[in-house]
Amino acid sequence: MSLSKSFLWGAATSAYQVEGGITNDFSDGGLDAGRACDHYNRFEKDFDLARSLDHNAYRFSIEWSRIEPEEGKFNQKEIDHYKKVIAALRERGLEPFVTLWHFTNPVWFARLGGWANKKAPDFFLRFAKKIVEELKDVKFWVTFNEPEIYANHAYFFGVWPPKKKNAPIARRVLRNFIKAHKLFYHWSKNTRQSIQIGWVTNLSGGPTRWFFNFPNHRSFAAVGSEIDFIGLNYYQRIRFFPGRNLPRSDMGWEIYPKGIYETINDLKKCNKPIYITENGIADASDKRRSDFIKDHIQWVEKAMEEGADVRGYFYWSLIDNFEWHHGFGPRFGLVEVDYKTLERKIRPSAQEYARIISHMVQ
Ligand code: FCB
């Protein structure tokens, strides 16, 4: 299948996982990424790598704690930093695909109760409006990355700050994300009609997905038509009883390429364009990554041949990075990072992905 030139091909990152030098609720709460990959200072070189691998887009996030380190006070220097990031992407022919919120919060916001505070949607809206007004050149905006995963990890399993284990609060947090998304959507449709706004969800594959993906589909029902596209993060199949001898990643996640097809089809009912905003594997040996990418893209193609409106694919991740409470162990990158020297090394699977891209865009 040959795809149109406007299909987005690239890789994704998030600010806290790659940038380094960030103070937020995670660094404050015992999950300090330190200097991470120093992407904050090396973004141009990293974008050169993406360009050399034939990518035409890059998904990344804005770190709210940089933009608004104190309540209501914006840091122009940091806003200008992201302007430079976007200019550097454009210079290399990479379309910016920007996430406003990817799990992390400013310390002041967390101290006020974070996403459990009923004022959270208004706080978010103030930040979102400011950054969207400043970064005029961006077309694709994601409000929230995987709100369900965040609500679970931070408010139900208690492994991310604020480390609560309280189901009713987790539900309230999720409701606040939906409210914040809608506020932002309405504001932007009245003021910046040209931008496209999405919400990113993480769905699992296999027969158990009706159970595990239920809260995600419920969120989409609540968001309703107030969305321009859906972002799908797909990684694995989840079973009720862990099987033996199954193909797994270094994270122990079961490799199940058909699941990306199943989950795309489940989203067809929303009648919105779909971007695969994350799909990837932790594989330090790089032995399984090429097949992983190839197989998943084949299933995406099949879904498209059967009518799914998929418009982009972002591998997770461009470079190795800080995997939240798992630290720096898991290696998801197309590009390997040596955390001592911060040197980058392109993995063979990244070249394979580049070959797939050039084969598909003809
Ligand atoms: C997703 C997250 C992303 C990364 C991958 C492995 O759930 O959005 O930040 O951690 O998992």
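Structure first, text after, so check above.
In this text, all values refer to a predicted model and were calculated from it rather than measured experimentally.

Conventions used here
Residues numbered from 1 in each chain as written. Predicted model: local features only at pLDDT ≥ 70, side-chain atom pairs only at ≥ 80, totals over all residues. Heavy atoms only, no water. Near = heavy atom within 4 Å. Polar contact = N/O pair within 3.5 Å; in protein donor to acceptor, adjacent residues only side chain to side chain. Areas by Shrake-Rupley, 256 points an atom, 1.4 Å probe, with all protein chains shown as cover. 1 Å grid on protein atoms, 1.4 Å probe; cavity = no way out; pocket = protein on both sides within 12 Å on 5 of 7 lines; lining within 4 Å. Sits in = over half its atoms within 2 Å of the grid points. Buried < 20%, exposed > 50% of the residue type's maximum accessible area, 1.4 Å probe, protein only. Helix = DSSP H or I, 4+ residues; strand = E, 2+ residues; numbered from the N terminus. Pairing = 2+ DSSP bridges.

Once that is clear, we can look at the site of the ligand. Every one of the 13 residues lining the ligand counts as a neighbour, but Gln17, His102, Asn145, Glu146 and Glu323 are closest to it. One of the side-chain nitrogen or oxygen atoms of Glu146 is found 2.6 Å away from an oxygen atom of the ligand. Between an oxygen atom of the ligand and a side-chain N or O atom of Glu323, the distance comes to 2.7 Å. Contact with the protein chains hides 95% of the accessible area of the ligand, taken as 300 Å² for the molecule alone. Mapping the ligand onto the cavity grids shows that it belongs to the largest pocket.

Let's shift gears to the pairing of strand β7 (residues 274–278). Counting buried positions along β7 gives five out of five residues, so the element sits mostly inside the fold. Bridge count between strand β6 (residues 229–237) and β7: four bridges; the pairing is parallel. Residue pairing for β7: Gly231 is matched across the bridge by Tyr275. Here three bridges tie β7 to strand β8 (residues 310–316), and the two strands are oriented parallel to one another. Along β8, the bridge assignment pairs Tyr275 with Gly312.

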